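# Geometric and topological summary
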Amino acid sequence: MANKKKQATWGGRFSEGPADLMLRIGESVSFDQRLAPFDVQGSRAQAAMLAHVGIISAEERDAIQTGLDHILEKIEAGDFAWDPALEDVHMNIEQALTQTVPAAAKLHTARSRNDQVATDMRLWFKFACAELDASLAAVVAALVDLAERTREVTIPGYTHLQRAQPVPMAHHLLAYVEMFARDRDRLAAVERAANVCPLGSGAIAGTTLPIDREFVAKELGFVDAEGQPRVTQNSMDAVSDRDLFIDFASACSVAGVHLSRLSEDFILWSSAEFGFVTLPDAFTTGSSLMPQKKNPDAFELIRGKSARLTGNLQMLLTMVKGLPLTYNRDLQEDKPPVFDSFDQTKLMLDCVAACLPGVVANKERCAAAVADPALLATDLVDYLVRKGVPFREAHHVVGALVGLSERLETPLDALPFAEVSKIHDALGEDWVEAFDLEKALAARDQPGMPGPGQVAARIAFWREQWG
Ligand code: ARG
């Protein structure tokens, strides 16, 4: 069933309006209306540029800009009637403006929705990267605080989820700080790439009108460190490239993977089996059936949501890969995944930053977990190496001692020296000193290692970097 009413913006060549189902499949205003502030910003700059080059008068520019401001006020107050028949945020705003400002009929001069939406999204990416950066900084600050609070707490570090070697809990937490610092770099790179103005690319081939691309770029803040305008260099690329969407979704996915691994660690650590930490009540939930339960739902949901972020990235890669140049309507589907990646990543980060201050380390449980002297078997190997035993041989010797300790059901450091000394000449009476946990950690004092001096220095480094 076709509508009698023709499309106001592009309906000139059509004898009837789009079918109801065409309207339903074609509308994007249900999700792109959140671009309104950026669309208004772009249109204000477009009007300024058109006046600057003499295509419209100063009065027309002022009328258009005032009209746009009113519309944005209405939108922000929730008083704007979005019409899906007008497809998207761009046509909704332009049509509303035309109703009160006759000069608005000139606003779309030398512009297409293709370069318009590319501009809106670049403005949005700059905003989104800055928001996520602030949220990442808060997570880092919370992790550094928790590392500070747990500097005295030692836990087993794991490989293959088997106890491996003792590490300060702070060192484990600071590993995530390194990851989130790289996430900030990735987002900063996306922000830099977004900072180029596509306006003036038109539909695909620019315009014959005497516009000023650099003027409009400056108006919108697409400038380098020296304040010089940055404009896209190929009109066909500018309207069809979606690298930024993919890079943004990718940066969110990688941050999501980091958040997911952090969540998994806290889920394990808060279980009865580990008992290393207690999570704050405010970020856990109970069971409708089992009164004793306290479930780590916030971290489980973060782990789950990270899958969504990966899906969004996959969707964008798949959508773009087979498209011929230039714009194809498929590209309208580019927005839901990046909006979702932004919303979810921000929520995940904000939850972690809010939850970490309430995390309490259970010192006794950690101390018990790290008490097994076998966790320092490698340090005994190092003891032998220091006595001149080749590493491979030393490894075998200590392996034999571990076997002996298992057979005699005696902790490694409690084996009688008479038995120990039989295994290798280099094992002197001082062999048990290898099992002094405090000394073992203090000896790990080179960059990147878990010694207390290194951990303290890294905490100080992050505090200095990010206040
Ligand atoms: N809503 C459209 C989108 O987001 C705007 C661009 C429309 N361009 C076109 N040639 N129909 O992709």
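Located above this text is the structure these notes cover.
These notes cover the structure that comes with them. (Residues numbered from 1 in each chain as written. Predicted model: local features only at pLDDT ≥ 70, side-chain atom pairs only at ≥ 80, totals over all residues. Heavy atoms only, no water.)

### Focus on the packing of helix α10 (residues 243-269) against helix α12 (residues 335-355)
- Closest axis-to-axis distance for the α10/α12 pair is 10 Å, and the angle between their directions is 30°. Compared by their axis directions, α10 and α12 come out roughly parallel. When you trace α10 past α12, the crossing you get is left-handed. Packed against α10, whose contacting residues are Phe245, Phe248, Ala249, Cys252, Gly256, Leu259 and Leu262, the element α12 presents Lys335, Val338, Ser341, Phe342, Thr345, Met348, Leu349 and Val352 at the interface.
- Tallied by class, the residues present in the contact of α10 with α12 amount to 11 nonpolar, three polar and one charged. (Axes fitted to C-alpha atoms, helices over the stretch in contact; angles between N-to-C directions. Helix = DSSP H or I, 4+ residues; strand = E, 2+ residues; numbered from the N terminus. Parallel < 35°, antiparallel > 145°, perpendicular 65-115°, else oblique. Left-handed = near helix turned anticlockwise from the far one by under 90°. Contact = heavy atoms within 4.5 Å. Nonpolar A, V, L, I, M, F, W, Y, C, P; charged D, E, K, R; others polar.)

### A closer look at the nonpolar core
- Among the nonpolar cores identified, the biggest contains 102 residues, and Trp124, Met169, Phe248 and Phe266 are the most heavily contacted of them.
- Of all the elements, helix α6 (residues 113-149) adds the most residues to this core, at 16 residues.
- When residues no more than four places from it in sequence are discounted, the contact partners of Met169 are Thr150, Val153, Thr154, Ile155, Trp269, Phe276, Val277, Ala361 and Cys366.
- Listed in part, the 21 residues of the second largest apolar core include Tyr383, Val389, Leu401 and Phe435. (Core = buried A, V, L, I, M, F, W, Y, C linked by side-chain atoms within 4.5 Å. Buried < 20%, exposed > 50% of the residue type's maximum accessible area, 1.4 Å probe, protein only.)

### Details of helix α5 (residues 89-100)
- Here α5 spans 18 Å end to end across 12 residues, near enough to the 16 Å set by a 1.5 Å rise per residue.
- Where α5 is concerned, the buried positions are Val89, His90, Met91, Asn92, Ile93, Glu94, Gln95 and Leu97.
- Structurally, α5 contributes buried residues whose contacts are with α2 (29-32), α3 (36-52), α4 (58-76) and α6. (Expected span 1.5 Å × (residues − 1).)

### Comments concerning the pattern of salt bridges
- Within the structure shown, the criterion is met by 23 salt bridges.
- One salt bridge connects Arg184 with Asp133, and the closest N-O pair in it is separated by 2.7 Å. Highlighted residues: Arg184 in helix α7 (residues 169-194) and Asp133 in helix α6, separated in sequence by 51 residues.
- For Arg184, a relative accessible area of 14% corresponds to the buried category. (Salt bridge = Lys/Arg side-chain N within 4 Å of Asp/Glu carboxyl O.)

### Points about the site of the ligand
- Taken together, Ser28, Asp88, Arg113, Asn114, Val117, Tyr327, Gln332 and Lys335 make up the full set of residues near the ligand.
- Separating a nitrogen atom of the ligand from a side-chain N or O atom of Asp88 is a distance of 2.9 Å.
- Residue Lys335 places a side-chain N or O atom 2.6 Å away from an oxygen atom belonging to the ligand.
- Protein chains shield 86% of the accessible area of the ligand, which is 350 Å² for the free molecule.
- In terms of residue count, the dominant contributor to the shell around the ligand is α6 (three residues).
- Considered class by class, the residues forming the shell around the ligand number two nonpolar, three polar and three charged. (Near = heavy atom within 4 Å. Polar contact = N/O pair within 3.5 Å; in protein donor to acceptor, adjacent residues only side chain to side chain. Areas by Shrake-Rupley, 256 points an atom, 1.4 Å probe, with all protein chains shown as cover.)

### What about the packing of α3 against α5?
- Direction vectors running N to C along α3 and α5 enclose 60°, while the axes themselves pass 10 Å from each other. As the angle between them shows, α3 and α5 are arranged oblique. As for how α3 packs across α5, the hand of that crossing is right-handed. Along its contact with α3, which presents Ala36, Asp39 and Val40, the element α5 presents Val89, His90 and Ile93.
- Of the residues assigned to the contact of α3 with α5, the class counts are four nonpolar, one polar and one charged.

### Some remarks on the pairing of strand β2 (residues 162-168)
- Relative to β2, strand β1 (residues 154-159) runs antiparallel, the two being bridged by six bridges. Note that in β2 the partner of Pro156 across the bridge is Pro166.
- Between β1 and β2, which follow one another and run antiparallel, lie two residues, and His160 among them has a positive phi close to 55°. (Pairing = 2+ DSSP bridges.)

### Examining the packing of aromatic side chains
- Scanning all chains against the criterion turns up 16 aromatic pairs.
- If you follow Arg13 out to its NZ or CZ, it ends over the ring of Phe14, 5.7 Å from the centre.
- The lysine or arginine in question, Arg34, covers the ring of Phe339, its NZ or CZ lying 4.5 Å from the ring centre. (Phe/Tyr/Trp six-rings, centres within 6.5 Å; stacked < 30°, edge-to-face > 60°. Lys NZ or Arg CZ within 6 Å of the ring centre and 35° of its normal.)

### Topic: unusual backbone geometry
- Here the amide bond leading from Leu325 into Thr326 is cis, since omega sits at 0°, within 30 degrees of zero.
- Of note, Thr326 is situated in the loop between α11 (297-321) and α12.
- Backbone geometry places Ala110, a non-glycine residue, at a positive phi of 65°.
- The topology assignment puts Ala110 in the loop between α5 and α6.
- Look at Leu161: it is not a glycine, yet its phi comes out positive at around 55°.
- Counting through the fold element by element, Leu161 comes out in the loop between β1 and β2.

### A short note on the state of the cysteines
- Applying the stated criterion to the full structure yields zero disulfides.
- Just so you know, Cys355 is unpaired, no disulfide at all, and the nearest cysteine sulfur is the one on Cys351, 8.1 Å from it.
- This cysteine, Cys366, is not joined by any disulfide, and Cys355 carries the nearest cysteine sulfur, 16 Å off.
- According to the relative accessible area criterion, Cys366 is buried, its value standing at 0%. (Disulfide = S-S within 2.5 Å.)

Structural measurements only, silent on function.
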